[in-house]
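One letter stands for each residue in the lines below.
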Amino acid sequence: MASSLRHFVHSPAAAAASTPSLLSRFSPNFCTFAALRPIRPFSANPKPPTAAEQEQEQYAGAGTGTGTGAEEESSVPTTELPEPAGPPALRVGIIGFGNFGQFIARGIQRQGHAVLATSRSDYSAYCAANGIRFFRSLEALCEEQPDVLLVCSSILSTESVVRAIPFGKLRPDTIVADVLSVKQFPRNLLLEILPPEFGIVCTHPMFGPESGKHGWNMLPFVYDKVRIAEEGDQKAKCEQFLSIFEREGCRMEEMSCEEHDRHAAGSQFITHTIGRVLAQLNLKSTPINTKGYETLLQLTKNTVSDSFDLYYGLFMYNVNATEQMEKLDRAFEQVKQMLYGRLHDILRKQIVERVPVPGSPSLRPREAQNSCAAAREETNHLSQVVDVHTFSQAAFSTAKC
Ligand code: NAP
């Protein structure tokens, strides 16, 4: 995936402050705003701090030095209202903890939410090292009743993965979200399989471990709130979930799954296809790389770092992909026609109309001179149209004098 990356030093607070706030009424990450938090006024009946508050306290203390302690001890009465408590952090259960599952987990954690994970393979060591609870079965993860179940499995395995979810173990207002790079397919699948009370949010972060390795700022995040209940907690949890990406600085793009698939076939699928074609050429760096060539090398690298399953899923599970493949095929043919068509014109003139071949010994000196000039003119013109010097040199050798 070729994306222009914005390199930045990660700072969730700065990102949140500089991003237009679509979802800003939710602040799941207490740590993010700890430094900006007003000093809590003295309370006559202090409640014991929650774990999140204790964590917040430590963070605020570390950030502001020791000076705040005395102020918090102060018994001077104040008219400031107590700070309203934010919603508790989400518990996000990730199904499919491969390349992308691990990548997205890092962003969820950065925003102060808990990650639980399960996968076909054993990622328990990775999870233990990264503060994530790993479950060896989907059933065990669902028994923990996460707020959001995030499907990060391959497109090809998604149907069997979703059918295996033990819905009875989950709370009936659980939100099931997905990150698949195609959108109509998971939306229809989730609508078909999930119990009616479950919420459904279809998302596609339009970046991955390569293109998002320096941060998610300004990278597009597509979402469609397919089924979210107005009453109860579901709506708030959905906004809280989406705010993870907003706070990471993503460009939030709400659109229908159909619209996504149309755009993605004409952009992402084409990009992956060109990358795969270039990979077949086994391109190598040269001592005289142009900027354009460097871009192609990077595109190839990014594309092949994704699994072939992913690419095949982009093709097979997007109804618009076949049309794009055919368009690409036709476009390549047209470009070849533009090149070979001109060559054929010259050869036809020589064969059918008997225009003398430049350099032929049968030409008289005067004729040879004219013919050379005409052929040179034609070659120059072709070289301007087709910026492939070596090709024009070889293909039009008949025009050499
Ligand atoms: P992927 O090859 O599309 O998917 C790998 C994941 O699928 C792993 O978690 C793997 O589990 C699981 N999986 C594969 N076959 C399975 C099966 N038969 N049964 C159960 N699980 C199976 O590579 P990915 O890059 O990690 O992508 C994951 C999802 O994220 C895809 O839906 C993709 O469209 C989406 N996505 C990817 C990117 C990206 O840049 N890579 C960007 C946006 C969205 P194990 O690891 O346990 O084997």
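Scroll up a little and you will see the structure.
Residues numbered from 1 in each chain as written. Predicted model: local features only at pLDDT ≥ 70, side-chain atom pairs only at ≥ 80, totals over all residues. Heavy atoms only, no water.

**Q** Lay out the packing of aromatic side chains with the relevant residues and their values.
**A** The tally for this structure, following the rule as stated, stands at 16 aromatic pairs. Three or more aromatic residues joined by ring pairs make a cluster, and in this case those are Phe-100, Phe-103, Phe-207, Trp-216, Phe-221, Tyr-223, Phe-241 and Phe-245. Taking the ring centre of Trp-216 as reference, the NZ or CZ of Arg-110 above it sits at 5.1 Å. (Phe/Tyr/Trp six-rings, centres within 6.5 Å; stacked < 30°, edge-to-face > 60°. Lys NZ or Arg CZ within 6 Å of the ring centre and 35° of its normal.)

**Q** Provide a residue-level description of the nonpolar core, including the pertinent values.
**A** In this structure, Ile-94, Ile-104, Ile-108, Leu-150, Phe-241, Leu-242 and Phe-245 are the most contacted members of the largest nonpolar core, which totals 33 residues. Not counting residues within four places of it along the chain, the set of residues in contact with Leu-150 comprises Val-92, Gly-93, Ile-94, Ile-95, Ile-104, Ile-108, Ala-177, Asp-178, Val-179 and Phe-241. (Core = buried A, V, L, I, M, F, W, Y, C linked by side-chain atoms within 4.5 Å. Buried < 20%, exposed > 50% of the residue type's maximum accessible area, 1.4 Å probe, protein only. Contact = heavy atoms within 4.5 Å.)

**Q** I'd like a description of the site of the ligand, backed by residues and values.
**A** Around the ligand, 27 residues are found, and the nearest of them are Ser-119, Ser-121, Tyr-123, Ser-181 and Ser-307. Between Tyr-123 and the ligand, the recorded distance is 2.4 Å, taken from a side-chain N or O atom to an oxygen atom. Contact with the protein chains removes 87% of the 870 Å² of surface that the ligand exposes when unbound. When contributions to the shell around the ligand are tallied by element, the ones reaching two or more residues are helix H4 (99–110) and strand S6 (199–205). (Near = heavy atom within 4 Å. Polar contact = N/O pair within 3.5 Å; in protein donor to acceptor, adjacent residues only side chain to side chain. Areas by Shrake-Rupley, 256 points an atom, 1.4 Å probe, with all protein chains shown as cover. Helix = DSSP H or I, 4+ residues; strand = E, 2+ residues; numbered from the N terminus.)

**Q** Please provide a residue-by-residue account of helix H10 (residues 257–280), values included.
**A** The first and last C-alpha atoms of H10 sit 32 Å apart over 24 residues, in line with the 34 Å expected at 1.5 Å per residue. Ala-264 marks where H10 bends most, by close to 45 degrees. The positive-phi residue at the C-terminal boundary of H10 is Asn-282, with phi of around 55 degrees. (Expected span 1.5 Å × (residues − 1). Bend = angle between axes of the 7 residues up to and from the residue.)

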